[in-house]
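# Working through the structure, step by step
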Amino acid sequence: MNGKNTAVEKLNQALQDAIRALGVEDNETVFEMPRREGWGDRATTIAMKLAKTLKTKPIDIAQKLAANLNSEYIDKIETVGSGFVNVFLNGKFYADVVEDALKQGNTYGSVNLGNKKRVQVEFVSANPTGPLHIGHGRGAALGDSVARILEFTGWDVQREYYVNDSGLQIETLGKSTQARYLELLGKESHFPENGYKGEYLYDIAREIINLEGDKFANVPESESLEYFKKYAAETIMAGIKNDLENFRVRFDKFFPEGYLHKNGLVKSAMEDLKARGYAYEQDGALWFKTEDTIGDDKDRVLIRANGIPTYFASDIAYHRDKFITRGFERVIDVWGADHHGYIARVKAAIKAMGKNPDDFDVLLIQLVNLIRDGTSVNMSTRAGEFVTLSEVLDETGTDAARFFLLMRKSDSKLDFDLDLAKKQGNDNPVFYVQYAHARVCGLVREYEKLGKSSKTISPSLFNDSKEARELANYISFFPDEIKAASQTLAPHLLTSYAMSLAGAFHSFYNSNRIIDAEDSQARVNLAKAAGLVVRECLDLIGVNAPERM
RNA sequence: GGCCCCGUAGCUCAGUGGAUAGAGCGACUGCCUCCUAAGCAGUAGGUCGGGCGUUCAAGUCGCCCCGGGGUCGCCA
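About the thresholds
- Residues numbered from 1 in each chain as written.
- Chains lettered and ligands numbered in written order.
- Predicted model: local features only at pLDDT ≥ 70, side-chain atom pairs only at ≥ 80, totals over all residues.
- Heavy atoms only, no water.
- Near = heavy atom within 4 Å.
- Polar contact = N/O pair within 3.5 Å; in protein donor to acceptor, adjacent residues only side chain to side chain.
- Helix = DSSP H or I, 4+ residues; strand = E, 2+ residues; numbered from the N terminus.
- Nonpolar A, V, L, I, M, F, W, Y, C, P; charged D, E, K, R; others polar.
- Phe/Tyr/Trp six-rings, centres within 6.5 Å; stacked < 30°, edge-to-face > 60°.
- Lys NZ or Arg CZ within 6 Å of the ring centre and 35° of its normal.
- Expected span 1.5 Å × (residues − 1).
- Buried < 20%, exposed > 50% of the residue type's maximum accessible area, 1.4 Å probe, protein only.
- Contact = heavy atoms within 4.5 Å.
- Pairing = 2+ DSSP bridges.
- Axes fitted to C-alpha atoms, helices over the stretch in contact; angles between N-to-C directions.
- Lys, Arg positive; Asp, Glu negative; His and termini not counted.
- Salt bridge = Lys/Arg side-chain N within 4 Å of Asp/Glu carboxyl O.
- Parallel < 35°, antiparallel > 145°, perpendicular 65-115°, else oblique.
- Core = buried A, V, L, I, M, F, W, Y, C linked by side-chain atoms within 4.5 Å.
- Domains from an automatic or database assignment.

Time to look at the protein's contact with RNA strand B. As a matter of local geometry, RNA strand B sits amid 57 residues, with Arg35, Phe84, Arg304, Asn426 and Tyr435 nearest to it. Among the atoms of RNA strand B lying within 4 Å of the protein, the sugar-phosphate backbone contributes 64%. A distance of 3.0 Å separates a base oxygen of RNA strand B from a polar atom in the backbone of alanine 305. One nitrogen or oxygen atom from the side chain of arginine 513 is found 2.7 Å from a sugar or linking oxygen belonging to RNA strand B. Within the residue set of the surface near RNA strand B, elements represented by two or more residues are α2 (46-54), β3 (84-89), β8 (285-288), α16 (429-449) and α20 (492-511). Split by residue class, the surface near RNA strand B holds 20 nonpolar, 18 polar and 19 charged.

Tallied over the entire structure, the rule returns 28 aromatic pairs. A network of ring pairs unites the aromatic residues Tyr278, Phe288, Tyr311, Phe312, Trp335, Tyr342 and Phe360 as a single cluster. Arginine 402 extends its terminal NZ or CZ atom over the ring of phenylalanine 247, reaching a point 5.4 Å from the ring centre.

A rise of 1.5 Å per residue sets the reference length of helix α8 (residues 221-246), with its 26 residues, at 38 Å; its end C-alpha atoms lie 36 Å apart and thus fit the reference within 8%. Burial in α8 covers these residues: Ser224, Leu225, Phe228, Lys229, Tyr231, Ala232, Ala233, Ile236, Met237, Ile240, Asp243 and Leu244. The secondary structure elements touched by the buried residues of α8 are α5 (134-152), β5 (156-163), α6 (168-184), α7 (200-212), β6 (253-256) and α13 (389-396). Looking one or two residues beyond α8, the residue adopting positive phi is arginine 248, at roughly 65 degrees.

Position of phenylalanine 255 among the secondary structure elements: in strand β6. Here the alpha-carbon distance between phenylalanine 255 and glycine 239, two residues 16 residues apart in the chain, equals 17 Å.

Below, the discussion takes up the sheet that holds strand β12 (residues 368-372). Reading across the sheet, the 3 strands line up as β13-β12-β14 and stay open at both edges, with mixed pairing between neighbours. Each end of this open sheet is capped by a strand with a single partner; those strands are β13 (375-376) and β14 (414-417). Along the sheet, α5 contacts β12 and β14; its crossing angle with β12, the most-contacted strand, is approximately 120 degrees.

Once that is clear, we can look at the side chain of arginine 439. Within the fold, arginine 439 resides in helix α16. Despite its burial, arginine 439 remains without a salt bridge, the nearest opposite charge being carried by glutamate 446 at 13 Å.

Moving on: the packing of helix α19 (residues 478-487) against α20. Axis separation between α19 and α20 bottoms out at 9 Å; the angle between their running directions is 155 degrees. Classified by the interaxial angle, the pair formed by α19 and α20 is roughly antiparallel. Taken together, the residues of α20 that come into contact with α19 (itself represented by Phe478, Glu481, Ile482, Ala484 and Ala485) are Leu493, Leu494 and Tyr497. Counted by class, the contact of α19 with α20 contains 7 nonpolar, no polar and 1 charged residues.

What follows concerns the nonpolar core. What tends to happen in soluble globular proteins is that the nonpolar side chains get buried as a cluster. Counting residues in each nonpolar core, the largest one holds 138 residues, and the members touching the most others are Tyr161, Phe416, Phe462, Ile475 and Leu526. For this core, the leading source of residues is helix α21 (residues 520-540), giving 12 residues. Core analysis: the next-biggest nonpolar cluster, separate from the first, contains 33 residues, Ile350, Met353, Phe360 and Leu364 among them.

Moving on, we come to the domain arrangement of chain A. In many reports, interface size means the accessible area that the parts give up when they come together. According to the domain assignment, chain A contains domain 1 (7-89), domain 2 (123-260 + 366-422) and domain 3 (429-540). For domain 1 versus domain 2, the distance between C-alpha centres works out to 52 Å.

So, on to the pattern of salt bridges. Side chains that differ in charge, positive against negative, can pair when their charged atoms come close. Per the stated rule, a full pass over the model turns up 34 salt bridges. Notably, a salt bridge pairs arginine 20 with aspartate 17, separated by 2.9 Å at the nearest N-O pair. You can see arginine 20 and its partner aspartate 17 sitting in helix α1 (residues 7-20), 3 residues apart, about one turn around the helix. A salt bridge links arginine 469 to aspartate 41; the nearest nitrogen and oxygen atoms lie 2.7 Å apart. You can see arginine 469 sitting in helix α18 (residues 466-476) and its partner aspartate 41 sitting in the loop between α1 and β1 (42-44), a full 428 residues away along the chain. Residue classification places aspartate 41 among the buried positions, given a relative accessible area of 6%.

For glycine 198, the location among the structural elements is in the loop between α6 and α7. With 37 residues separating them in the primary sequence, glycine 198 and threonine 235 have C-alpha atoms 14 Å apart.

Residue valine 124 is not a glycine yet carries a positive backbone phi of 60 degrees. Relative to the helices and strands, valine 124 is located in the loop between β4 (118-122) and α5. What makes valine 124 buried here is its relative accessible area of 12%. Its identity is not glycine, yet aspartate 283 carries a phi of approximately 55 degrees, on the positive side. The exposed category is assigned to aspartate 283, whose relative accessible area is 63%.

Next up, the structure:
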């Protein structure tokens, strides 16, 4: 996408050339960031990794590698320990890094990994039986951010929400709403055993009374049930869409489960499985045959004895539609971790339909534990007691909520400290990062008032200021961070990187004069590049980068 | 019982086989005559749950054990 001509790319190229000179094929290895001061600006452990294949002592390989490594950017190379190669770079490298970043602007860091291949990310997909809670928010933040990262790294991304608009739960929703309606009118009501107890159904029932009066109180319940189902589901879905918009999460498509049934897609998916020998009838039901596929340990029912398809059957039809009808080359689903046992089943089904299960990724999200005043807020969806996403957004704002929900890897539990998220101080990581951006904008505003605009970046800055060098080094590793985040589908790498980068900027800011320094051009340009990368990083996790705070 | 996740500083967690294990919060000490102190600098705090193994190298990989959570439906 960007060609091989940035300073970082040239340096990595020099490393790969040096490795090839040892007689080893390599187009992958790149330099790493050393963990400690004194170990240089870049390091590689490749000598130790090659020891076995080359049948040579690591330190000898390291020395040969060092001798082969040629670049205008290298000041000095040290081979230490059992075979580490530490590279010390000159100021020109960092001057070029800053120049590259400024030149590339908001495409800096966008490596092409996807080759415009079509990938679908399906996320949230909450049933329209109640408002989104904070757990859905985590799925929304994750799916949206993964989609943004994939787009940034060259994939053609489609974002989809699967709407479970048919089946038992909508039946229960309709009955629950109907019961609340009758209850509010003082009539006899039958609240279903596993009904939805949330307060929101009273609100919806009240709306229905305002719109339709008591006209459903005098007809048989079975006759009006359809209306309650439809009204409640549509109202709740509208609320969900509204929440998602406030959360800055966009979907390309809302895919209704009902579409699969209406168009006979479940039926044809079942026929296809039968034809391929992956489905059989027994005890009056249709079963999925798991043997010969992967992962799952037993056969599963597709069509119940009563003729109603299971959720699994719909899901097979749905994923068949994704992979075959719509032709996505890769599909990523975001699920709650409680569905983990379901992965093997769906993978098996994907294999059974003739597609490669490796093209299907599931990102599991663990629970969110809301913390207030140092203790966790109890939630129970069944009892209808949960903290909704919109309540959290009202309290913390979208930026803080998104940032907090992406601070941990999705597969582990997350403590969300509401008090911390609301704080406007350096202890709140969101503000810390955003403030770095606002500071850069402030500097640039001041600098432009002085009417200076030279693009010169003097390399000596990076020798004179340790903080400038460190900040530029973080900037230089941004493309690697992006690559890692894209390959592992892990936005939390970017929240963590953003905090480090912001930290490096604040240190630089506090220990260096910038706009009134002698080499102010170089300093302002470095600050600009840092601000640019902060903004890109925040954008990829869906958080705003304010120009003033 | 099978499968999955987790166990790292007082708390919450980073750490895709590499060097002397890091960050944030909390605690303590300094820093605004100066581009935004919503900031910076520093101090203290660790048998990486335990054991055995693989490896030149293990917080990271394998096996066993301990502790916490999840999941094992003709529910979704």
